[in-house]
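Architecture at a glance
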Amino acid sequence: MTGRLFPFLRWPRPTGGLLRADLRAGIVVGLMVVPQSVAYAALAGMPPITGVYASLLPSVVAALFGAAPRVAVGPTALTCLLVYSALSGLASPGSAHWVELAVWLALTTGALQLVLGMARLGWIIRLVNSPVMMAFTQAAAVLIIGTQLAAVLGLPSLATVFDGAAAWHLPSTLFGVGSFLLLWAARKAWPTFPTVLVVVLGSAAISHGLGYAQAGGAVIGELPQGFPALQWPAVPPLETLGHLLAPTLIIALVSFLEVASAARTDLAGAGGWRKDQELVGQGLAKIAAGLCGAFPTSASFSRTALNIFAGARSAWASVFAVGVVLLMLLFCAPVLALVPRPVLASVVLVAVVGLIKPRQFQALWRFSRVEACIALLTFVATIATAPNLYGGIALGMLLSLAHFHVRRLHPRVVEVGLHPDGSLRDRHHWALPPLQAHTHAIRFDAALDFATSAAFVDAIARHLDHHPDTRRVCLFAGSINWLDATGAESFLATTHMLRQRQVPFCICGLKTVVLAQLTTAGWQPESHWVRTFSTEAELMAYLQSAGDCAQPAPLQAEALAGTVRGQPAHVASPGPVLSR
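Starting afresh in each chain, residues are numbered from 1 along the sequence in its written order. Local features in this predicted model are restricted to residues of pLDDT 70 or higher, and side-chain atom pairs are both shown and tallied only at a pLDDT of 80 or more, whereas totals for entire chains, interfaces and linings draw on every residue. Note that water and hydrogens are dropped before the side-chain values are worked out from all heavy atoms of the structure.

1. Description of helix α6 (residues 96-118)
Counting from the N terminus, the helices are DSSP H or I runs at least four residues long and the strands are E runs at least two residues long. Given a helix with a known number of residues, its expected span is that number minus one, times 1.5 Å. Taking 1.5 Å per residue as the helical rise, α6 with its 23 residues ought to reach 33 Å, and the 33 Å between its terminal C-alpha atoms agrees with that figure. Downstream of α6 by one or two residues, R120 has phi in the positive range, about 60°.

Printed below as a string of structure tokens:
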């Protein structure tokens with residue numbers, strides 16, 4: 001119990017080897033955090049120093065109370081874009097009111113995640129499936145690139161290019177494009193080398209030598225030094241808090257999806273991760289960010305991957321990374337003040353350009369055209385509703401849930417036949433004869449509940465109406481793993497209907513839990529009209545003893561069975577096996 005409330009008590013006992021490995025990883029990640037967090041703060045419309053604040057106490061809190069020890073927590077591009085989207089129209093970027101609202105976003109999203117984690121509602125992550133999140137992430141990456149491209153090119157805005165009034169600032173263009181090319185080239189060549197820091201500090205030196213700021217170039221400007229002061233922000237009007245409600249829900253959900261992606265990287269092969277505990281840790285980290293005057297934090301997939309690649313073995317790596325960030329804040333703030341803004345834009349651009357992967361849409365189209373269309377609509381809606389991005393992900397969630405329910409309302413009911421290799425398969429797909437003359441043998445591939453029970457009853461009743469000479473109905477029920485009250489009523493009603501028509505009902509492979517539920521509902525399996533069998537072999541033996549049971553047709557080609565079963569055609573099957 002204590003370990004669940006205070007996960008840091010379960011950290012591995014520090015040894016010399018562990019601390020050395022975590023120190024190396026912490027230095028590598030810490031050197032990357034400062035320039036990246038400053039760039040992300042600008043993306044969120046926040047003062048640059050708040051990005052550093054979001055990388056200090058929140059990272060320590062997440063490491064102490066989270067379930068994924070090597071996940072790097074702090075500012076992320078997607079969360080910062082969502083913050084900017086949420087506050088657009090409510091205040092001016094960078095203003096005191098904007099900062100105040102961003103702080104409240106951190107507090108509300110943190111409180112929401114904390115409550116969800118304490119209530120063990122980590123399963124809520126399943127509301128957004130992988131295709132929707134993939135499409136939303138790529139659309140957000142396109143929008144982020146759109147917001148940063150003008151700064152990288154040294155333009156006041158991209159609109160000036162299209163109206164023919166582009167006012168190029170050559171030094172800014174050189175800083176932005178040059179930094180982007182250097183970062184892009186070094187990204188894969190030296191993954192653990194702090195290229196971002198080198199480029200940022202180098203640009204600061206060049207900026208100072210050329211007098212870039214005096215020539216009209218935009219730089220970060222003076223950064224406060226020292227620790228952030230913890231304080232509770234003034235409570236805004238209820239109407240303003242109401243405007244933050246939808247952004248709070250979306251940021252909390254998207255942030256948790258980012259955390260899930262990073263946690264799977266951290267805990268790959270470790271048997272999963274504790275979603276509820278991670279929600280608690282992430283919620284407390286966001287609250288800490290709000291109390292520091294910063295914006296909502298999240299888990300960075302890129303920094304987590306770098307942390308692991310650099311050899312991190314425990315959460316001590318995050319603590320060491322925070323120490324590096326703190327030292328840079330105390331001693332490097334005057335140097336960072338000289339960094340050109342186009343360089344920060346290039347840092348963001350390099351971080352998100354790799355998120356755009358059109359081949360993922362192509363692969364999804366080959367796998368499921370319906371899901372591919374849902375993903376494409378999510379992508380288009382996210383871009384079309386910018387800067388308010390919530391319409392895109394909301395549409396994707398609704399469409400995916402609608403698709404899920406449509407599939408649930410139309411379960412797969414398979415009429416089975418005996419395949420030449422001895423397995424029981426979809427007889428219409430494989431052009432097989434009926435299992436037995438005047439016998440309707442089906443497999444119901446779904447849970448039997450309120451959504452699927454009508455299809456179950458209809459499949460049997462419709463066959464009886466079209467084949468009044470049916471003498472037996474066989475149900476292979478091994479794939480029914482659960483039923484509710486509606487499903488139990490439908491099963492009893494089907495049994496009663498078959499008894500009235502004097503058609504025996506043979507049921508094979510009922511799971512123990514399903515049989516117990518049916519018995520509780522009043523079903524009596526053993527009677528003259530109902531027979532149950534434990535295995536397919538028992539049912540097949542009974543049908544053969546009853547006569548007219550179909551025999552396996554001779555193999556038309558040995559390659560058929562070998563291809564389907566993945567074994568040579570002459571290998572004997574131990575008995576009927578349910579298959580497609």
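Moving on from the model shown.
2. Observations concerning the environment of H438
By the secondary structure assignment, H438 is in the loop between β4 (424-426) and β5 (439-445). Distance from H438 to V473, taken between C-alpha atoms, is 8.8 Å for residues 35 residues apart in sequence. In this view, H438 contacts D469, T470, R471 and R472; residues no more than four positions away in its chain are not counted. For this analysis, a polar contact is any N or O atom pair within 3.5 Å, provided that within protein one partner can donate a hydrogen and the other can accept it, and provided that sequence-adjacent residues contribute only side-chain to side-chain pairs. Within the structure, the side chain of H438 is placed 3.1 Å from the side chain of D469, a separation counted as a polar contact. We call two residues in contact when some of their heavy atoms are within 4.5 Å.

3. Re the packing of aromatic side chains
Classification of ring pairs rests on two measures: the distance between centres of Phe, Tyr or Trp rings, Trp counted by its six-membered ring, which must be within 6.5 Å, and the angle between planes, read as stacked under 30 degrees, edge-to-face over 60 and tilted in between. One pass over the structure, following the stated rule, counts 13 aromatic pairs. Taking the centre distance of 5.4 Å and the plane angle of 75° together, the rings of F444 and F456 count as edge-to-face. One end of the pair, F444, is in strand β5; the other, F456, is in helix α21 (residues 453-466), and 12 residues separate them in sequence. Burial here depends on accessible area, computed with a 1.4 Å probe over protein chains only, as a share of the maximum for the residue type. Under 20% is buried, over 50% is exposed, and the range in between is partly exposed. Overall, F456 belongs to the buried group, its relative accessible area being 0%. Ring plane angle 10° and centroid distance 5.9 Å describe the contact between F456 and F491, whose orientation is recorded as stacked. Taken together, the positions of F456 in helix α21 and F491 in helix α22 (residues 485-500) put the pair 35 residues apart, joining distant regions of the chain. The rings of F444, F456, F491, F505 and W523 are connected pair by pair, giving a single aromatic cluster. We call a charge positioned above a ring when the Lys NZ or Arg CZ atom is no farther than 6 Å from the ring centre and deviates by at most 35 degrees from the ring normal. The ring of W430 has R425 sitting right over it, with the charged end atom 5.1 Å from the ring centre.

4. A short note on unusual backbone geometry
You will see that H438, though not glycine, has its phi angle at about 60°, which is positive. One non-glycine residue with positive phi stands out, namely Q502, at about 60°. The topology assignment puts Q502 in the loop between α22 and β7 (505-508). Assessed through its relative accessible area of 56%, Q502 is described here as exposed.

5. Quick word on the nonpolar core
Take the buried residues of types Ala, Val, Leu, Ile, Met, Phe, Trp, Tyr and Cys, join any two whose side-chain atoms come within 4.5 Å, and each joined set is a nonpolar core. With 108 residues, the main nonpolar core has M46, L82, L87, F136, V254 and V339 as its most contacted residues. Examining the composition of this core, we find that 12 residues originate from one element, helix α2 (residues 16-43), more than from any other. Apart from the residues lying within four places of it in its own chain, the contact partners of L87 are W98, L101, A102, L105 and L244. F444, F456, V473 and L518 belong to the second largest nonpolar core, which has 25 residues in total.

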